[in-house]
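# Coordinate analysis (summary)
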Amino acid sequence: MTLRQSDIDAEVSAIREAYAKARAGGAPAAHHPPRDYAPYRSSVLRHPEQPLFAVTASNAPEAVELTGPVFGPADVTEFDSDLTRQHTGEPLGERITVSGRLLDSHGRPVRGQLIEVWQANASGRYPHRRDQHQAPLDPNFTGAGRMLTSETDGSYSFTTIRPGAYPWRNHENAWRPAHIHFSLFGTAFTQRLITQMYFPGDPLFAYDPILQSVTDDAARARLVAAYDHSLSRPEFSLGYRWDIVLDGPSATWIEEGR
Amino acid sequence: MTQLPTPSHTVGPFYGYALPFEGGGDMAPPGHPSAITLHGCVYDGAGAPVPDALIEFWQGDGTPGSLHRNGVDFTGFGRVATDGAGHWTVHTLAPKAPYISVCVFARGLTHHLFTRAYVNHGPDALLDALAADRRETLLARQGSDRAYRFDIRLQGEGETVFLEFR
């Protein structure tokens, strides 16, 4: 039986209604997607069924995870943050910059830490052997970058091209909204985060079970960058702003909490 | 001021040209006489290998950790992708803590999972708090030649104990 968009939409709605009811009953907001989210079919066999074991600063003050890797200049080059300059020619597409700050849950900047990004090209194609989408590769665009956040305010900025939407096989006529993958480290391994940034106003948002896996409306909105005209550069690029906030306890939190 | 966190998303299927890096599984420098091998497979709830998982390792042990391998120094951070059979391997040094911290990412996994590979099975607050069959899933089993096996089962029978840090 063909799995249609309307089938996925019905499942998404049912989960959303259950969440609204739980919230009305006093349940806390869910900032992350549930790992068991059937509308995203690949999650069905890949989520644990047992509850997670809670490790707290009080039952494991020496936990290795309260520290984390600290990356440095040997890990990045100055060319890694401009994805339009990694080949001899100019990539096809709309040149953009994505800028923002990396913060911890107390709003403090995460300084000098590694951010990695990867994305499809302007046609919606990844240079990956498993990507079979019939859209052209761009010899002038690979779509992978990395940089360290600033030592002063935790800011970052990538120059790239706006990625295209692309089809996938979750269900019939499934399309991913344009997005950039982000990988982030905090000061503790517990703060590790991999996520995706979206572009404002994309009409595909409502149809995408990956974005909709974040059931909380406000949380989902935090995955969408803002167009910021002050970040656009004349005759060159359009500017987007996206701040990232890491979850999870860290050793510095414990020290300062004493 | 408290800030609400940015939600997690799956790593997806196409990270392969971006996240794995040269020597990602070589936390110990080549030829280190005390190096150990930690390896295993990732399985889904049907018992099928997961060929597109990304596994990270953190043990610190006095190193800052890095992506770059200089060929001389041990580094406490590793990252490897599973192969077509769901298998992964890292070469490292025995950790000072009884365990190496492990973080699992995969297509289909909306939010990463933390676990621990215990190479030392002695008394430990976390291990001791688990039922025997659950505890078993965190024990890296020593085979021959300083090699430890640590399989990760995402769901179902023998499901690995995954951790949540609060």
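Residues numbered from 1 in each chain as written. Chains lettered and ligands numbered in written order. Predicted model: local features only at pLDDT ≥ 70, side-chain atom pairs only at ≥ 80, totals over all residues. Heavy atoms only, no water.

The name an unreviewed UniProt entry gives chain B is Protocatechuate 3,4-dioxygenase subunit alpha, with Streptomyces beijiangensis as the organism. We quote the UniProt Sequence similarities (unreviewed entry) comment for chain B here in full: "Belongs to the intradiol ring-cleavage dioxygenase family." (UniProt positions renumbered as here; feature names shortened; annotations may be inferred.)

The name given to chain A in an unreviewed UniProt entry is Protocatechuate 3,4-dioxygenase subunit beta, and the organism recorded there is Streptomyces beijiangensis. Comment text from UniProt for chain A, heading Sequence similarities (unreviewed entry), reads "Belongs to the intradiol ring-cleavage dioxygenase family."

Let us now look at the state of the cysteines. Residues and elements named next belong to chain B. Counting across every chain of the model gives zero disulfides over all chains. Cys 103 supplies the cysteine sulfur nearest to Cys 41, a cysteine that is in no disulfide, at a spacing of 19 Å. Accessibility expressed as a relative area gives 8% for Cys 41, which makes it buried. The exposure class of Cys 103 is buried, given its relative accessible area of 0%. (Disulfide = S-S within 2.5 Å. Buried < 20%, exposed > 50% of the residue type's maximum accessible area, 1.4 Å probe, protein only.)

A few words on the interface of chain A and chain B. Interface size is often expressed as the accessible area that is lost when the parts come together. Opposite the 78 residues of chain A that make contact, chain B presents 66 residues. Taking both sides of the interface into account, the surface hidden between chain A and chain B amounts to around 6300 Å²; carbon and sulfur atoms contribute 61%. Sorting the residues of chain A by area buried against chain B places Arg 46, Phe 53 and Phe 189 of chain A first, and these three jointly supply 14% of that buried surface. A salt bridge links Glu 116 of chain A to Arg 79 of chain B, with the shortest nitrogen-to-oxygen separation between them at 2.8 Å. Inspection of the region where chain A meets chain B yields 37 residue pairs in polar contact (both at pLDDT 80 or more). Those elements that place two or more of their residues in the side of chain A that touches chain B are β1 (53–55), β3 (114–119), β4 (144–148), β8 (179–184), β9 (193–198), α2 (209–212) and β12 (244–245) of chain A. (Contact = heavy atoms within 4.5 Å. Buried area = accessible area lost by both parts, 1.4 Å probe. Salt bridge = Lys/Arg side-chain N within 4 Å of Asp/Glu carboxyl O. Polar contact = N/O pair within 3.5 Å; in protein donor to acceptor, adjacent residues only side chain to side chain. Helix = DSSP H or I, 4+ residues; strand = E, 2+ residues; numbered from the N terminus.)

As a further point, take the pattern of salt bridges. The full count for this structure, using the stated rule, is 19 salt bridges over all chains. Asp 104 of chain A is paired through a salt bridge with Arg 108 of chain A; the nearest N and O atoms lie 2.9 Å apart. Residue classification places Asp 104 of chain A among the buried positions, given a relative accessible area of 9%. A relative accessible area of 26% places Arg 108 of chain A in the partly exposed class. Of the charged contacts, one joins Arg 141 of chain B and Glu 136 of chain B as a salt bridge, the two residues approaching to 2.6 Å between their closest N and O atoms. We classify Glu 136 of chain B as partly exposed; its relative accessible area is 39%.

Before going further, it helps to examine the UniProt feature "domain: Intradiol ring-cleavage dioxygenases" (unreviewed entry) in chain B. Within this structure's numbering, the places UniProt gives as "domain: Intradiol ring-cleavage dioxygenases" (unreviewed entry) are residues 34–99 of chain B. Secondary structure across residues 34–99 of chain B comprises 0% helix and 39% strand; the distance between its end C-alpha atoms is 16 Å.

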